[in-house]
Amino acid sequence: MAMKQLSGAEESHSLSRPPSSVDILFDKSFRALTCTFTWATILLLAFIVYKIGRQAIPAVSTYGLGFLTSTTWDVNAHEFGILPEIWGTLYSSFLALFLGGFFGITIAIFLTQDFLPHKLEMILKNIIELLAAIPSVVYGLWGIYVLIPLIRPVADLLHDNLGWIPFFSTSLSGPGMFPAVLVLSIMILPTVAAISQDAFRAIPHKTKEAAFGMGTTRWEAILRVMLPTASGGIFGALVLGFGRALGETMALAMLVGNANEISLSLFAPANTLAALLALNFPEAGELEASVLMYAACVLLLITLLVNIAGAAIISRTGSGGKK
Amino acid sequence: MLMEAQSQQQATKTHQYDAADVVLDCQAKQIFYSDFLAVRDSHVPIVKNKITGFIGPSGCGKSTVLKSINRMNDLIRGFRFEGNVHFHGMDIYDKKVDPVSVRRNIGMVFQQPNPFSMSIYENVAFGLRLNRYKGDMDEKVEKALRGAALWDEVKNKLKNNGLSLSGGQQQRLCIARAIATEPQVLLMDEPCSALDPIATRQIEELMVQLKERFTVAIVTHNMQQAQRVADQTAFFAVDISRGGRTGYLVEMAPTAELFSNPQEELTKEYLHGEFS
Ligand SMILES: Nc1ncnc2c1ncn2[C@@H]1O[C@H](COP(=O)(O)OP(=O)(O)OP(=O)(O)O)[C@@H](O)[C@H]1O
Ligand SMILES: [Mg+2]
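The shown structure was predicted, so the numbers you read here are calculated from the model rather than taken from an experiment. (Residues numbered from 1 in each chain as written. Chains lettered and ligands numbered in written order. Predicted model: local features only at pLDDT ≥ 70, side-chain atom pairs only at ≥ 80, totals over all residues. Heavy atoms only, no water.)

**Some remarks on the sheet that holds strand β1 (residues 22-33) of chain B**
Residues and elements named next belong to chain B. Cut-off, in case you're wondering: Strands are treated as partners if at least two bridges between them are detected by DSSP. Going along the chain from the N terminus, every DSSP run of H or I of four or more residues is numbered as a helix, and every run of E of two or more is numbered as a strand.
An order of β5-β4-β1-β2-β10-β9-β3-β8-β7-β6 is seen for the ten strands of this open sheet, with the pairing classed as mixed. Strand pairing shows two members of the sheet lacking a second neighbour, β5 (90-91) and β6 (106-109), which therefore form its edges. Looking at chain direction, β1 and strand β4 (residues 79-87) are connected through nine bridges and run antiparallel. Pairing of F32 across the sheet is with R80, part of β4.

Below, the structure is given as structure tokens:
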């Protein structure tokens, strides 16, 4: 299907020429190539979901939706339920999002709003991004050998004096929700900080001028103008950070305590879906493997829902003047 | 309305302003961006309840001088202002003066429209909220939007994002935002460059109305506009004699006088080029 070209360049003295047939061929093959890769990725995703889903079928038909609300996990009695893990996943991720999000956004503000000379801003930005390069197993080890001994006195103090508050109602016996959440926050912090910084840097200088021109103080400019303007990007950063927290496995498997319990207490051991999968796969029999696939589907569904909700909220609040 | 402006121009011609009428006295000895000398030796007195026009070729430092008047340039790294700007008997470049309060009293409309990424209503209410205004917000917002000749176009979509408007509408939104708090002095940097002739006339009428209560300084490339609205006109030019490109004030006079009988050769040439 040859495209009709405007001819006439020969007669005129214009320097513009229609694209040559080689240009057009290159254009078309490039388009075909990108199209193929896009579809291949989508197919791969579908294939993964399909495989996991199929292997989960025996467990789904045996345990049904009761699987989601039951709290027992007894391999010998063939009784399985993942409510504590769903709780642990969401609870740890929300707490980490709260902590990591707060510090991530604060850091982004500090590194983009002219508090520091430009060079220093860039140096600090890179150092913070290095946090993302630390392997999660190293975080886990650091949590066990450094963090837990470090926070134990604080945890004891809180439990002894403020034990009536549900969050402090048990004592820290070692691994547990609190160290897991702390490490998780550190792990999502670089993501949140980096993407929020991008959002702040994307604000044009004239917007800042407008804010100061109205007579804002520096903090008023940040809180009333810069933060709302960057909110779309910041929200995206939080969703990504939350997604990362939900799926984080190794560090949590090492730090969360792997206890099949539901507790509000920060010091109680708990479990998460990802940690459950990682720790039970090696010795799983046929039925248990299917059960774990079912749990994997649930985890997948949760992350999917979070991402869809995030995308929906972002498109509705609309960063910039799309609407 | 325009007749009124012209008759006032006639009036200023006969009596020269005295010091008491000058609300803002800008004496810029040297203005630097890092080590680049952008403007030198420019004394621009801005008379109360009058419109002062800034004209001159591109790059001669009109925006630089205008932004120096409310310390907007403090945001730019490497910016340095030598001289002083007297406002209500104090120098706004004095160490003790808070630039924030200067900017609250001396509002600004920028060369590029720069509405906030928030609703049209919130854009206009921004300054009112900032100044903790307690009265009827809706009324003030409507009044400011009417003043900026934008009300009819946006009254049914006040909740839409300000950035969803067209360029010219955005500029009028910025004007509405600036006049909502009724600053004593309003600085406008080419406020009409993105507007069609009708909106331009409306903004000009607004300026003429505003000067009854406030003071206005406006940068414009439109000589007709300067003649239509400005009571005083300051002509700037670029001096390339010393190797740099330094802007300076060539002359300043009541508008009619400057246009009909310029004293300086440069002014003559510039105006001549404009009108031939
Ligand atoms: N932020 C800045 N940093 C460095 N130099 C600047 C900056 N802003 C302006 N300048 C320089 O200062 C000089 C005066 O610029 P200015 O914007 O004041 O000109 P202008 O008279 O407003 O021009 P125009 O009519 O095109 O708006 C120019 O040479 C310009 O390159
Ligand atoms: Mg300019």
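That shown, we press on.
**Remarks on the coordination of the magnesium ion (ligand 2)**
Let me state the cut-off plainly: Each metal site is built from N, O and S donor atoms within 2.8 Å (3.2 Å for Na, K and Ca), and since water is not included, such sites may look incomplete.
Coordination of the magnesium ion (ligand 2) by the protein is provided by S63 of chain B (OG) and Q111 of chain B (OE1), with metal-donor distances spanning 1.9 to 2.5 Å. Taken as a pair, S63 of chain B in helix α2 (residues 62-69) and Q111 of chain B in the loop between β6 and α4 (120-130) lie far apart in primary sequence, 48 residues in all.

**Considerations on the pattern of salt bridges**
All names here are of chain B. Worth spelling out the cut-off: By convention in these notes, a salt bridge is any Lys or Arg side-chain nitrogen within 4 Å of a carboxyl oxygen on Asp or Glu. Relative accessibility thresholds used throughout: buried, under 20% of the residue-type maximum; exposed, over 50%; partly exposed, between the two (1.4 Å probe, protein chains only).
Inspection of every chain in the model, using the stated rule, returns 21 salt bridges over all chains. Across the salt bridge formed by R40 and D41, the nearest N and O atoms sit 3.2 Å from each other. According to the relative accessible area criterion, D41 is partly exposed, its value standing at 49%. Here the salt bridges do not stand alone but share partners, grouping K140, K143, E182 and R213 into one network.

**Focus on the pairing of strand β8 (residues 215-219) of chain B**
All names here are of chain B. What counts, and what does not: A crossover counts as right-handed when, viewed with the strands pointing away from the observer, the path leading from the first strand over the helix to the second turns clockwise.
Most of β8 sits out of view: five of its five residues are buried. Side chains T215, A217 and V219 project from β8 onto one buried face, and the interleaved V216 and I218 project onto a second face that is buried too. Pairing between strand β3 (residues 51-55) and β8: four bridges, direction parallel. Considered in β8, the bridge of F54 is made with V219. Taken together, the five bridges between strand β7 (residues 185-189) and β8 define a ladder with parallel strand orientation. Across the sheet, residue M188 finds its bridge partner in β8, namely I218. The parallel pair β7 and β8 is bridged by helix α8 (residues 197-213), and the resulting crossover is right-handed.

**Let's talk about empty space enclosed by the protein**
Keep this limit in mind: For each structure, a 1 Å grid was placed over the protein atoms alone; sets of points admitting a 1.4 Å probe that cannot get out are labelled cavities, open sets with protein on both sides within 12 Å along at least five of seven lines are labelled pockets, and lining residues have an atom within 4 Å of a point. Grid points are joined across faces, edges and corners, and a volume is the space filled by probe spheres set on the points. Put simply, Ala, Val, Leu, Ile, Met, Phe, Trp, Tyr, Cys and Pro go in the nonpolar bin, Asp, Glu, Lys and Arg in the charged bin, and everything else, Gly too, in the polar bin.
In the structure shown here, the tally under the stated rule is two cavities of 30 Å³ or more. Around the largest cavity sit G213 and M214 of chain A together with R103, R104, G107, M108, N131, A178, T181 and P183 of chain B, which together line it. Secondary-structure elements contributing two or more residues to the lining of the largest cavity are α3 (99-105) and β6 of chain B. Residue composition of the lining of the largest cavity, grouped by class: four nonpolar, four polar and two charged. Its boundaries defined by the atoms lining it, the second largest cavity holds a volume of some 40 Å³. Lining the second largest cavity, in full, are I179, E182, P183, L186, L210 and F214 of chain B. When grouped by side-chain class, the residues that make up the lining of the second largest cavity number five nonpolar, no polar and one charged.

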